[in-house]
Amino acid sequence: MSDSNHISGADAIILALQAEGVETLFGYPGGAIMPLYDAMFRFGNQMRHVLTRHEQGAIHAAQGFARVSGKTGVCITTSGPGATNLLTGLADAFADSTPVVCITGQVNARLIGSDAFQEADILGLTTPVTKWNIRITCSEDLLQGLSQAFYIARTGRPGPVVVDIAKNVLLEKIHFDYQICAGMPSYHPEPVPDDKKIRRAADWINQSERPILFWGQGVLLANASNELRLLIDKAGLPAASTLLGLSAIPADHPLNMGMLGMHGNYAPNVLSAKADLIVAVGMRFDDRVTSDPSTFLPNARVIHIDIDASEHGKVMQPHLAIVGDAARVLRSLLDYVEPALHADWVAEFRVLQEMETDKVMNSDLSLAGEKIQMGAMIRRLSERFPSNTLVVTDVGQHQMKVARYYKFNTPRSMVTSGGLGTMGFGLPAAIGAKIACPDQPVLALIGDGGFQMTMQEIMTIVQEKTDVKVVLLNNGFLGMVRQWQELFFAKRYASTELLNPDFVKVVDAMGLPSKRISTSRETDSGIDWLLTSNGPCFLEVVTDPEENVFPMVPPGVPVSEMWLEKKLTLIV
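How each quantity is defined
- Residues numbered from 1 in each chain as written.
- Predicted model: local features only at pLDDT ≥ 70, side-chain atom pairs only at ≥ 80, totals over all residues.
- Heavy atoms only, no water.
- Buried < 20%, exposed > 50% of the residue type's maximum accessible area, 1.4 Å probe, protein only.
- Helix = DSSP H or I, 4+ residues; strand = E, 2+ residues; numbered from the N terminus.
- Arc of directions from axis to C-beta.
- Contact = heavy atoms within 4.5 Å.
- Pairing = 2+ DSSP bridges.
- Axes fitted to C-alpha atoms, helices over the stretch in contact; angles between N-to-C directions.
- Domains from an automatic or database assignment.
- Buried area = accessible area lost by both parts, 1.4 Å probe.
- Salt bridge = Lys/Arg side-chain N within 4 Å of Asp/Glu carboxyl O.
- Phe/Tyr/Trp six-rings, centres within 6.5 Å; stacked < 30°, edge-to-face > 60°.
- Lys NZ or Arg CZ within 6 Å of the ring centre and 35° of its normal.

Caption draft 1: Layout of helix H11 (residues 225–235). Within H11 the residues assigned to the buried category are Ser-225, Glu-227, Leu-228, Leu-231, Ile-232 and Ala-235. In a view along the axis of H11, the buried residues occupy a sector of 165°, so they form one face of it. Buried residues in H11 make contact with helix H9 (195–207), strand E9 (211–215), helix H10 (217–221), strand E10 (239–241) and helix H14 (326–336). Looking one or two residues past H11, Gly-236 carries a phi angle of roughly 65°, positive in sign.

Right, dumping it as structure tokens:
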């Protein structure tokens, strides 16, 4: 590091990352990115590098890190297959608005376009699944490109960014003068909300008799949990969350009516058809929430608050669209709304909640039978683990059971793959979550199908000594697909039954303490073992293979007509 402050591009990247406050990197080395790894080594590993066992694991870990910390996750890969292995994670982060900066190596600039060894057009491949991407082929563009990448990833509606760097840039000498980006022409990430629209929204809230507030992850991204709670308390608004919005307000808040969507709670889904006003905050009216948009919210005026104007009218045309940061808009609304209770309206929710408890929850949460029910295991984990536990799930039936039965009381305590529904997300994301928040317990709840997609990351846990409690909910099936085959395809279980390995032996061979339980009477002893184990461990829970997730909204059925239980089989 000499030559009048002229240093290599690789060294400059390390210093730039430090300037951005990056302390942890997730990645996997290779030829095109090797000079950057050498720089890390020569700098004495001033930042922690987590070597995952697959590049997809690296980006999912960076996502988990970002989701619980609110910081930007960073991962590094080499060119070609190293970079293409990020695509699933990029698409996942893009769908779920997760700030991640991915630095990918690229072949030398003079070789780009020549089909050189391990060359791939990472810019073209990632354009549809990133908020922004850039290829850097000359050292003069390196520092500005990096600073803009971090600014774009973390501001406004967050998202993933790719910085593809030719190998020659890592070796060339540049003058290091890094400036944190504070703005860019034509990019305005923090729109100023229209006060007139906010006043009109408050008037509609004050006039409504049957309002419901829907909230999504935008509340968490804006750190607006307190503003949300204050608003629903003051205006007496029954409120319901999307999957990714869970944990923004405590599960036991009296006006928290549960989760929206295909496998959400009965009351908010059914009563959405009776509502005269919907206040939607930081959510995007995903098809899993609306089902058929033409039948959704038939009697309600819709106020849609979102920082991203492109979400307004994309699925549902709102009667009033407010563009702005959720915290800022909710604070303004608080000044204008009047205190209210809506007691009769809230009472209607209570009636339907009792119906759901009677027809669904009592059996889901029962420990009386021989077989372990996922819901019962998850509720017991919720009752016994500390209230600040970070819960990370994979995708499938267990994910929906966690969303329904784990009682989240701390913001950002639930991490899952929502928009893309990525199997294999849970294990590496849990690693990132634990590294981001080392003082909080981390519980990874994973199905047997998703676990086998990224189970190699158990070795990352072992090598990094990352204290993640892994609970495998093993029903021997790709459970959610099997449920649909049971209900809609006359029980033709095509390619959904899994021949699984002995998970305890496999994980034990990797060096992680492991245990299996298979009967409901072992539930508490299994949880005792998790809670008393010193360090990371793995508990396999053998569950009922025929357990289903209800309520559910079948395809083509209005949300307000969701099923509480199985009805006549529809054969496709």
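Caption draft 2: Just the sheet that holds strand E14 (residues 320–323), in detail. Reading across the sheet, the 6 strands line up as E11-E10-E9-E12-E13-E14 and stay open at both edges, with parallel pairing between neighbours. The open sheet is flanked by strand E11 (256–259) and E14, the only strands paired with a single partner. Strand-to-strand, the axes of this sheet are offset by a mean angle of 15°, without reference to chain direction. Two elements, strand E12 (residues 277–281) and strand E13 (residues 301–306), share 5 bridges in a ladder whose sense is parallel. If you follow Ala-280 over to E13, its bridge partner there is His-304. Lying on the sheet, H9 is in contact with E12, E13 and E14; it crosses E14 at an angle near 130°.

Caption draft 3: The arrangement of the side chain of Ser-241 in detail. With respect to the helices and strands, Ser-241 occurs in strand E10. Setting aside anything within four residues of it in sequence, one finds Ser-241 in contact with Trp-215, Leu-246, Gly-258, Met-259 and Leu-260.

Caption draft 4: Region of the structure containing the domain arrangement of the protein. Assigned domains of the protein: these are domain 1 (3–175), domain 2 (195–349) and domain 3 (367–561). Each of domain 2 and domain 3 has a C-alpha centre, and the two are 29 Å apart. Taken together, the 30 residues of domain 2 in the interface contact 26 residues of domain 3. For the domain 2 and domain 3 pair, buried surface summed over both sides reaches about 2200 Å², with 63% attributable to carbon and sulfur atoms. Summed over the shared surface of domain 2 and domain 3, the result is 0 salt bridges. Every element with two or more residues in the side of domain 2 that touches domain 3 is listed here: H10, helix H12 (266–271) and helix H13 (287–290). The element best represented in the side of domain 2 that touches domain 3 is H12, accounting for 3 residues.

Caption draft 5: Expanded view of the sheet that holds strand E15 (residues 390–393). The 6 strands are arranged E16-E15-E17-E18-E20-E19 in an open sheet whose pairing can be described as parallel. The open sheet is flanked by strand E16 (414–415) and strand E19 (514–517), the only strands paired with a single partner. In the sheet, strand E17 (residues 442–447) pairs with strand E18 (residues 468–474) via 6 bridges, with the strands oriented parallel. Across the sheet, Val-442 pairs through a bridge with Val-468, a residue of E18.

Caption draft 6: Here's a closer look at the packing of aromatic side chains. Going through the model one piece at a time under the given rule, you end up with 12 aromatic pairs. Considering the side-chain rings of Tyr-151 and Tyr-187, the 5.8 Å spacing of their centres and the 90° angle between planes classify their relative orientation as edge-to-face. You can see Tyr-151 sitting in helix H7 (residues 142–154) and its partner Tyr-187 sitting in the loop between strand E8 (173–175) and H9, a full 36 residues away along the chain. Judged by its relative accessible area of 9%, Tyr-151 is buried. Geometrically, the ring pair formed by Phe-285 and Phe-296 is edge-to-face, given 6.5 Å between the ring centres and 75° between the ring planes. Pair noted here: Phe-285 is in the loop between E12 and H13 and Phe-296 is in the loop between H13 and E13, with a separation of 11 residues, a long-range link. Like Phe-285, the residue Phe-296 is buried in the burial classification. What links up through ring pairs into an aromatic cluster is the set Phe-214, Phe-285 and Phe-296. The ring of Trp-204 has Arg-301 lying over it, and the distance from NZ or CZ to the ring centre is 4.0 Å. The cationic tip of Arg-482 hangs over the ring face of Phe-477; the distance from NZ or CZ to the ring centre is 5.8 Å.

Caption draft 7: Geometry of the environment of Val-559. Checked against the element boundaries, Val-559 lands in the segment after strand E20 (537–542). Taking the C-alpha atoms as reference, Val-559 lies 7.9 Å from Asp-292; in sequence the two are 267 residues apart. Val-559 has contacts with Asn-269, Ser-272, Val-289, Thr-290, Ser-291, Phe-296 and Val-553, leaving out every residue within four places of it along the chain.

Caption draft 8: Quick peek at the pattern of salt bridges. Within this structure, the stated rule accounts for 30 salt bridges. Here Arg-67 ties to Asp-96 by a salt bridge, and the two come within 3.9 Å at their closest N and O atoms. Remark: Asp-96 occurs in the loop between helix H5 (87–95) and strand E5 (100–106) and Arg-67 occurs in helix H3 (residues 55–69); sequence separation between them is 29 residues. Each member of the pair, Arg-67 together with Asp-96, is buried. What you see here is one network of salt bridges that share partners, running through Arg-380, Glu-383, Arg-384, Asp-524 and Asp-528.

Caption draft 9: Local environment of unusual backbone geometry. That bond from Phe-550 to Pro-551 is cis: its omega, 0°, falls within 30 degrees of zero. Following the sequence through the fold, Pro-551 ends up in the segment after E20. Phi is positive for Ser-186, close to 70°, though the residue is something other than glycine. Topologically, Ser-186 is positioned in the loop between E8 and H9. Exposure remark for Ser-186: the relative accessible area of 71% places this residue in the exposed category. Backbone geometry places Ala-490, a non-glycine residue, at a positive phi of 55°. Here Ala-490 lies in the loop between helix H21 (479–488) and helix H22 (503–509). By relative accessible area, Ala-490 is classed as partly exposed at 34%.

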